[in-house]
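# Coordinates in review
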Amino acid sequence: MQPPRDDLDPPKDDPFTLDQLKQFDGSDNSKPIYLSIKGTVFDVTRKSDVYGPGKSYNIFAGKDGSKGLGMSSLKPEDAIPDYSNLPENEKNVLNDWYLFFEKRYNIVGRVTDMPTSVSNPANL
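Let us look at the structure shown here. (Residues numbered from 1 in each chain as written. Predicted model: local features only at pLDDT ≥ 70, side-chain atom pairs only at ≥ 80, totals over all residues. Heavy atoms only, no water.)

## Description of the environment of Ile59
Worth spelling out the cut-off: Numbering of helices and strands runs from the N terminus, with a helix taken as a DSSP run of H or I at least four residues long and a strand as a DSSP run of E at least two residues long. Here a residue-residue contact requires only that any non-hydrogen atoms of the pair lie within 4.5 Å.
Take Ile59: it is sitting in the loop between α2 (48–51) and α3 (66–71). In this structure, the C-alpha to C-alpha distance between Ile59 and Asn89, residues 30 residues apart in sequence, is 22 Å. In this structure Ile59 touches Leu74, Lys75, Pro76 and Ala79, once residues within four positions along its chain are discounted.

Here it is as structure tokens:
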């Protein structure tokens with residue numbers, strides 16, 4: 001596991017729709033690789049060996065795959081933004097992933113069109 005970083009940029013709040021996020025899946029080398037967790041967009045480009053095309057975690061690139069992260073699943077059908085029906089233990093796993101990313105990757109924005117079931121994290 002990679003250690004936390006102390007050279008991260010201040011978080012940005014640039015708006016992304018889920019559709020716009022798809023452009024950052026690693027398929028275009030001229031663009032960074034982004035993924036979103038609970039609506040927060042992280043730049044994971046520096047780990048293209050993990051998130052790039054054909055790599056183990058590319059399933060999460062260019063999308064919000066919060067549910068799959070919480071489930072510890074690499075199935076495409078699980079890599080969706082609606083994590084509202086996860087049991088408490090899997091929501092805890094998702095929160096652990098969020099904290100992991102927050103300490104290691106730059107936050108570049110937020111998803112503006114998350115499903116209504118998860119658009120207010122305080123209710124989850």
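## Some details on the nonpolar core
The criterion, for reference: For our purposes a nonpolar core is just a set of buried Ala, Val, Leu, Ile, Met, Phe, Trp, Tyr and Cys residues, chained together by side-chain atoms within 4.5 Å. Only protein chains enter the accessibility calculation, which uses a 1.4 Å probe. A residue is then buried if its area is under 20% of the maximum for its type, exposed if over 50%, and partly exposed in between.
Ranked by size, the top nonpolar core spans 29 residues in total, and within it Leu35, Ile37, Phe42, Val44, Tyr51 and Phe101 carry the most contacts. Of all the secondary-structure elements, those providing two or more residues to this core are β2 (34–37), β3 (40–43), α2, α4 (88–102) and β4 (106–111). In terms of residue count, α4 provides more of this core than any other element does, four residues in total. Discounting residues that sit within four places of it in the chain, Phe101 has contacts with Leu35, Ile37, Phe42, Val44 and Tyr51.

## Things to note about the sheet that holds β4
Let me state the cut-off plainly: What makes two strands pair is DSSP finding at least two bridges between them. The axes are straight lines fitted to the C-alpha atoms, using for helices just the contacting stretch, and the angles between their N-to-C directions are given from 0 to 180°.
Spatially, the four strands line up as an open sheet ordered β1-β4-β3-β2, and their pairing is mixed. Edge strands, defined here as strands with exactly one partner in the open sheet, are β1 (14–16) and β2. Each strand of the sheet is rotated relative to its neighbour by a mean of 40 degrees, with strand direction disregarded. Pairing of β2 with β3 involves four bridges; the strand directions are antiparallel. Bridge pairing in β3 links Ser36 to Val41. Across the face of the sheet, α4 comes into contact with β2, β3 and β4 while running at roughly 135 degrees to β2.

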